[in-house]
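Breakdown of the fold
Take a look at the letters that make up each chain.
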Amino acid sequence: MSAPRFDELIHAPTRLSLVSLLAATEWAEFRYLREQLELSDSALSKQLSTLEQAGYVEIHKSFVGKRPRTSVTLSRAGRAAFDGHVAALQDIVARSGLTVLPGG
Amino acid sequence: MTDSGATPASAADALVEIHARRNQVVTATLVPHWYWPAVGGLIVAFTAAVETRRPWVVAVGSVAYVIGLAAAVGRVVLRHRAQVRTSLIGAHGAITIVGYVLILVALGLGTGFAAEAAGLAWPSTIGAITTAGAMTATGPPLMRYLRRVMITRPLGGSR
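Because the structure is a prediction, the values reported are computed rather than measured.

1. Overview of the pairing of strand β3 (residues 67-74) of chain A
All names here are of chain A.
- Where strand β1 (residues 25-29) and β3 come together, two bridges link them in antiparallel fashion. Bridge pairing in β3 places Ala28 opposite Val72.
- Two strands pair when backbone bridges link them, and strand β2 (residues 57-64) and β3 are joined in this way by eight bridges, in the antiparallel orientation. Residue Ser62 lies in a different strand from β3, and its bridge partner there is Arg69.
- Here β2 folds back onto β3 in antiparallel fashion, the turn holding two residues, of which Gly65 has a positive phi close to 70°.

See below:
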């Protein structure tokens, strides 16, 4: 169980969505993230750069045939920060008496 | 308001968003419905080809099976542009998948041997048809079950 630690960097709405997607994956392609989040290339690149500078994501560039492919992985530090942030959110909600039910 | 500046309502909204994004990943990476009858059909066709015992039919059937299976699996793999986190499936999900495969194999072999013992023609093909039918009928419910396992797993790593 992770210690609760609210992370301002992750909590920003777009980054929360981005890190949440990455937390559910081993890796995800840049194109996949862009489509799921409905962001432009530049907007997604900016968010990924911020997370990369914090050491939260690792970006891998490769080629599949002649086509460039960029994949993104949540780093160990990023996963720990995400887990701590989730625990902090759950604490805040639990102390207020609210309940969050996962959607199906 | 808390020390972090997040209100309980905004924290709850954030948790809902995290659940929704995980749901989005899991749903997008499940095996599609068409996969089950497609692979089942290939198994039946391949088994029937082998059971004809005619070399050229066996050869054509084998090549068609390999190409068809590669196309079906390749289409599923290429469609995936993200890999769902392995730990979301967990031991329960992994045991379910292994058990599912073993049951399908046992069903196919059992039906095939029973058909042979009863003196029916094409016993292996009958076994393969049973397996294919079971795959087609139970593949989508299996995916729904695994989806439920993955999306209801507690958030936050090993928690």
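Next comes the rest of the account.
2. Quick word on unusual backbone geometry
- Despite not being glycine, Glu38(A) has its phi angle at roughly 55°, a positive value.
- Non-glycine residue Arg53(B) carries a positive phi angle of around 65°.
- Within the fold, Arg53(B) resides in the loop between α2 (35-51) and α3 (55-79).
- Taking the C-beta count within 10 Å as the criterion, Arg53(B) has 8 such neighbours and is therefore assigned exposed.

3. Brief notes about the packing of helix α2 (residues 13-23) of chain A against helix α3 (residues 30-37) of chain A
All names here are of chain A.
- Put simply, α2 and α3 touch, their axes get as near as 11 Å, and they point 130° apart. Judged by the inter-axis angle, α2 sits oblique to α3. Note that α2 runs across α3; the crossing there is right-handed. Here Ser17, Leu18 and Leu21 of α2 lie close against α3, whose contacting residues are Leu33, Gln36 and Leu37.
- Of the residues that constitute the contact of α2 with α3, the class distribution is four nonpolar, two polar and no charged.

4. Some words on the sheet that holds β1(A)
- The antiparallel open sheet is built from four strands, whose spatial order is β2(A)-β3(A)-β1(A)-β1(B). Each edge of the open sheet carries a strand with a single partner, namely β2 of chain A together with β1 (82-84) of chain B. Strand-to-strand twist across the sheet, computed as the mean angle between neighbouring axes with direction ignored, equals 25°.
- With three bridges joining them, β1(A) and β1(B) adopt antiparallel strand pairing. Within β1(B), the residue paired with Thr25(A) across the bridge is Val84(B).

5. As for the confidence of the model for chain B
- The predicted model of chain B averages 91 in pLDDT, with 96% of residues at 70 or higher.
- As scored by the predictor, the complex reaches a pTM of 0.83 and an ipTM of 0.90.

Calculation notes
Residues numbered from 1 in each chain as written. Chains lettered and ligands numbered in written order. Predicted model: local features only at pLDDT ≥ 70, side-chain atom pairs only at ≥ 80, totals over all residues. Pairing = 2+ DSSP bridges. Helix = DSSP H or I, 4+ residues; strand = E, 2+ residues; numbered from the N terminus. Buried ≥ 20, exposed ≤ 12 C-beta atoms within 10 Å, placed from the backbone. Axes fitted to C-alpha atoms, helices over the stretch in contact; angles between N-to-C directions. Parallel < 35°, antiparallel > 145°, perpendicular 65-115°, else oblique. Left-handed = near helix turned anticlockwise from the far one by under 90°. Contact = placed C-beta atoms within 7 Å. Nonpolar A, V, L, I, M, F, W, Y, C, P; charged D, E, K, R; others polar. pLDDT = per-residue confidence, 0-100.

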